[in-house]
Amino acid sequence: MYKLVLATSNPGKIREFKVMLNGLNLQVLPQSIFSLPEADETGLTFVENALFKARSASLNTGLPALADDSGLMVDALAGAPGVYSARYAGLDALDRNNNDKLLSELDGVPMERRTARFVCALVLLRYQTDPAPLICQASWEGIILTEPYGANGFGYDPIFWVLTEQRTSAQLASEAKNRLSHRGQAVTSLLQQLSQLPTFWEMSMQ
């Protein structure tokens, strides 16, 4: 069984990744058990920030690293909150603070202009200097409501309306969310790439 450090301390992401990666020959270890410093997320894109986080986790543990950078892009706000989604209302903002700020920014915007999407970028490194990391990106379309519904999920899930399901992301069962979401789609793409690279993990041991 290969060890893999998951470059996040977000409890919601850790839960989702452990479910989606279950059944693989992997021992998924969240970076929180190593007391790692948080990587500087100074990139302007999700891919850049995922690379920063993966390289930092691999450097500090000596293990292969999987990093996710994801966020919400709202068309009426020119793509905001984007890469600042987790700290939209400030560095120590809670989910409800970010949701409140977003709803305030969209106050008065009609429903037809509240289109948005979750975006996820995944980066998998075999080692810190890996020159050919696996990179996957996926998105999930929806609409931002005017008030929250549902108690599942985390982040902006309670105000993100999924048109195909006619409910918010926070009203979906975890199995459905993991199948439909931006993160679920990106993980599926990653697993497809790994299936075509039978020696990927062996190279991480060299």
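The sections below set out a description of the structure shown in this document.

Reading the values: the criteria
Residues numbered from 1 in each chain as written. Predicted model: local features only at pLDDT ≥ 70, side-chain atom pairs only at ≥ 80, totals over all residues. Heavy atoms only, no water. Core = buried A, V, L, I, M, F, W, Y, C linked by side-chain atoms within 4.5 Å. Buried < 20%, exposed > 50% of the residue type's maximum accessible area, 1.4 Å probe, protein only. Helix = DSSP H or I, 4+ residues; strand = E, 2+ residues; numbered from the N terminus. Contact = heavy atoms within 4.5 Å. Pairing = 2+ DSSP bridges. Axes fitted to C-alpha atoms, helices over the stretch in contact; angles between N-to-C directions.

**A word on the nonpolar core**
No. 1: The biggest cluster of nonpolar side chains holds 21 residues, and the ones touching the most others in it are Phe17, Leu66, Leu122, Leu124, Leu190, Leu194 and Trp201.
No. 2: The set of elements that each furnish at least two residues to this core consists of β1 (2–6), α1 (11–20), β2 (26–30), β4 (115–125), β5 (134–144), α5 (182–195) and α6 (200–204).
No. 3: With four residues, the single largest contributor to this core is α5.
No. 4: If near-sequence neighbours (up to four positions away) are discounted, Leu190 is found in contact with Leu66, Leu122, Leu124, Leu134 and Cys136.
No. 5: Counting residues in hydrophobic clusters, the runner-up holds 19 residues, among them Leu72, Ile144, Ile159 and Leu172.

**Notes on unusual backbone geometry**
As a rule of thumb, non-glycine residues mostly have phi less than zero, and peptide bonds are mostly trans rather than cis.
No. 1: Ala80 connects to Pro81 through a cis peptide bond whose omega is 0 degrees.
No. 2: Unlike most non-glycine residues, Ser35 shows phi in positive territory, near 55 degrees.
No. 3: Positionally, Ser35 belongs in the loop between β2 and α2 (46–61).
No. 4: You can call Ser35 exposed: its relative accessible area is 65%.
No. 5: Phi is positive for Gln166, which is not a glycine, with a value near 55 degrees.
No. 6: If you trace the backbone, Gln166 turns up in the loop between β6 (160–162) and β7 (167–168).

**Here's the deal with the sheet that holds strand β3 (residues 65–74)**
No. 1: Judged by pairing direction, the sheet is mixed, and its seven strands sit side by side in the order β2-β1-β3-β4-β5-β6-β7 without closing on themselves. Edge positions in the sheet fall to β2 and β7, since each has one partner strand and no second.
No. 2: As defined by bridge partners, β1 adjoins β2 across five bridges and the pair is classed as parallel. The partner of Leu6 across the bridge, within β2, is Pro30.
No. 3: α1 rests against β1, β2, β3 and β4 of the sheet, and its axis sits at about 120 degrees to β3.

**Considerations on the side chain of Ser56**
No. 1: Mapping Ser56 onto the fold places it in helix α2.
No. 2: Its relative accessible area of 18% is what places Ser56 among the buried residues.
No. 3: Residue contacts for Ser56: discarding those within four places in its chain leaves Pro37 and Ala39.

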